[in-house]
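Topology and contacts: notes
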Amino acid sequence: MKALLLLLLAQLCSASVVPEREKDPEYWRRQAQETLRNALRLQRLNQNVAKNLILFLGDGMGVSTVTAARILKGQLQHGQGEESLLEMEKFPYVALAKTYNTNAQVPDSAGTATAYLCGVKANEGTLGVSAGVTRDRCNTTKGQEVTSILRWAKDAGKAVGIVTTTRVTHATPSAAYAHSANRDWYSDGEMPPDALQGGCKDIARQLVENIPDIEVIMGGGRKYMFPKNASDVEYPHEEKHRGTRLDRRDLVQAWHDAKPPGKVAKYVWHRRELLALNLSRVDFLLGESQHPGVPWPQLGALGEPLACPGVNNETDPSLSEMVAVAIRMLQKNPRGFFLLVEGGRIDHGHHEGKAKQALHEAVELDRAIGLATRLTSAQDTLSVVTADHSHVFTFGGYTPRGNPIFGLAPMQSDVDRKPFTSILYGNGPGYKIVAGERENVSAVDFAHADYQAQSAVPLRQETHGGEDVAVFAQGPMAHLLHGVHEQNYIPHAMAYAACIGSNRAHCNAGARPAASLLLPFLALLVLLC
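Model, not experiment: these values are computed from the prediction.

A few points about the pairing of strand β18 (residues 469-474)
- Across the six residues that make up β18, a large majority, six, are buried.
- Judged by which residues are buried, β18 turns out to be covered on both faces: V469, V471 and A473 on one side and A470, F472 and Q474 on the other are all buried.
- As paired elements, strand β2 (residues 93-98) and β18 share five bridges and run antiparallel to each other. Within the sheet, the bridge partner assigned to A97 lies in β18 and is V469.
- Looking at chain direction, strand β8 (residues 381-387) and β18 are connected through four bridges and run antiparallel. Within β18, the position partnered with S383 by the bridge is Q474.

Here it is, written out as structure tokens:
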């Protein structure tokens, strides 16, 4: 209740406060002219070969989430929020990606992951396979496998890595290495008998066997790597964390055994172990925490600390910490690297109607993007930030400038005469009827981390949204990401920039297409004529 009162006080104090500098028209003119100068500089295209590729994926990070995260970031820094800039928004090139699956107008994370990692659109619920595969039908998989940009980079001699705040066998990371008719086949314990008899492999097994020389794998979901009922190292007495494998295999040991002689492979599950590693002496790293990533959320309405259920800050590394370790590991390869980074719990927060959790995860992903930008150079590193899909998340209600992003709209409904929060969902678990009427939010702690924002339609889980998602790009050939694209175009553009994959004709002798080299001479010819 104290947090709620503080939030209401902040709302009253911040309402309609216009910064003095913004009252001067010259402020906006100078800002626009500076933006114009920066835009004109983009005429000098960066056509270097991308030595390194980093793909940041905000799971469920639609445009409304990006905007709300920007405001949250600014307010956490004690600003009004709207004028803030996310690190991803500093990237010079922006596009939109169409997210539909081949059989779904509103997509899921597996079909979309196949698109932005493998360059091929697919059916919902399937991973690393073409649209010729039907979900749950193991016998439709053979011959329909498609490879990912991670594989293309590995085949080109680059180091590769995966970092996620979800399970390493979850939809986004899985499409980088697995081929499955069902995204939920995490271990053989989740597979139906006909799929096992048909010879299909579970996703955790494919993580270890399909591309055994992935240098960095960090995320959660370690129970899928261990025999059924094996106790968890961190939570030995909790049944939900016990191993799930029916084949009784220890896949962490199998991961170790698959490494070449003389190479050092380290498995860690504790944050302290991870940060203490001497990375110069480690060739392969598998890090599996129970709850990797940002605690949900780290701060309350006005920045006060909050308890985070299910997250242990002592044992679980943040996304930024994992990204820093991954980049330092991968940079040892003189040929460069490909790194996939997922802020996966944006999606989880939205599905539960818990906007606070989703937006704090988005801010942490952005923090990791800023860190990666500082650890690399835009001269040789192509960085791309995008989402797999959106959510039915919105914020509105004519809120005044500086309104706390988790606060109330400055009005009551003119129908039921009750207040409402600015943040709302189109559907989800936040639909609540009290005494036959919409719940009065002033009677609940809407500033709490677990508050479920009101929704228009009752569902146990909120759904994805179907609109396009943003694509932000910086570095060599980033200008190839422009306009409105099919989502499966993204890895093709990245591969072209790095001279990997099948489209390498322009890379002969390290040169870019001859047309770009002839442009100055063609311009001179026009002038002479």
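On we go.
As for the side chain of S174
- For S174, the location among the structural elements is in helix α6 (residues 171-174).
- When its relative accessible area of 0% is taken as the criterion, S174 is described as buried.
- Side-chain polar atoms of S174 contact the backbone oxygen of H170, separated by 2.6 Å.
- In this structure S174 touches L127, V168, T169 and I203, once residues within four positions along its chain are discounted.

Section: the state of the cysteines
- The final tally for this structure, using the stated rule, is two disulfides.
- Linked covalently through their sulfurs, C138 and C200 form a disulfide whose S-S length is 2.0 Å. Measuring the twist about the S-S bond at about 105°, one finds the C138-C200 disulfide to be right-handed. Here C200 lies in the loop between α7 (193-197) and α8 (203-209) and C138 lies in the loop between α4 (109-118) and α5 (149-155), a separation of 62 residues in the sequence. Per residue, the accessibility class of C138 equals that of C200, and both read buried.
- Paired by a disulfide, C499 and C507 hold their sulfur atoms 1.9 Å apart. Taking the sign of the S-S torsion, about -95° here, the bridge from C499 to C507 comes out left-handed.
- Residue classification places C499 among the buried positions, given a relative accessible area of 15%.

Focus on the UniProt feature "active site" (unreviewed entry) in the protein
- Under the present numbering, the feature "active site" (unreviewed entry) in UniProt falls on S109.
- Looking at where S109 falls in the secondary structure, it is placed in helix α4.
- On the basis of relative accessibility, which here comes to 2%, the residue S109 falls in the buried class.
- Setting aside anything within four residues of it in sequence, one finds S109 in contact with D59, A171, R183, D388, H389 and H464.

A short note on the packing of aromatic side chains
- This structure, assessed with the given rule, holds three aromatic pairs.
- A centroid spacing of 4.8 Å and a plane angle of 80° characterise the contact between Y27 and W28, whose relative ring orientation is edge-to-face.
- When the ring centre of Y100 is taken as origin, the NZ or CZ atom of K121, which lies over that ring, is 3.5 Å away.
- Between R167 and the ring centre of Y186, over which it is positioned, the NZ or CZ distance is 4.4 Å.

Reading the values: the criteria
- Residues numbered from 1 in each chain as written.
- Predicted model: local features only at pLDDT ≥ 70, side-chain atom pairs only at ≥ 80, totals over all residues.
- Heavy atoms only, no water.
- Buried < 20%, exposed > 50% of the residue type's maximum accessible area, 1.4 Å probe, protein only.
- Helix = DSSP H or I, 4+ residues; strand = E, 2+ residues; numbered from the N terminus.
- Pairing = 2+ DSSP bridges.
- Polar contact = N/O pair within 3.5 Å; in protein donor to acceptor, adjacent residues only side chain to side chain.
- Contact = heavy atoms within 4.5 Å.
- Disulfide = S-S within 2.5 Å.
- UniProt positions renumbered as here; feature names shortened; annotations may be inferred.
- Phe/Tyr/Trp six-rings, centres within 6.5 Å; stacked < 30°, edge-to-face > 60°.
- Lys NZ or Arg CZ within 6 Å of the ring centre and 35° of its normal.

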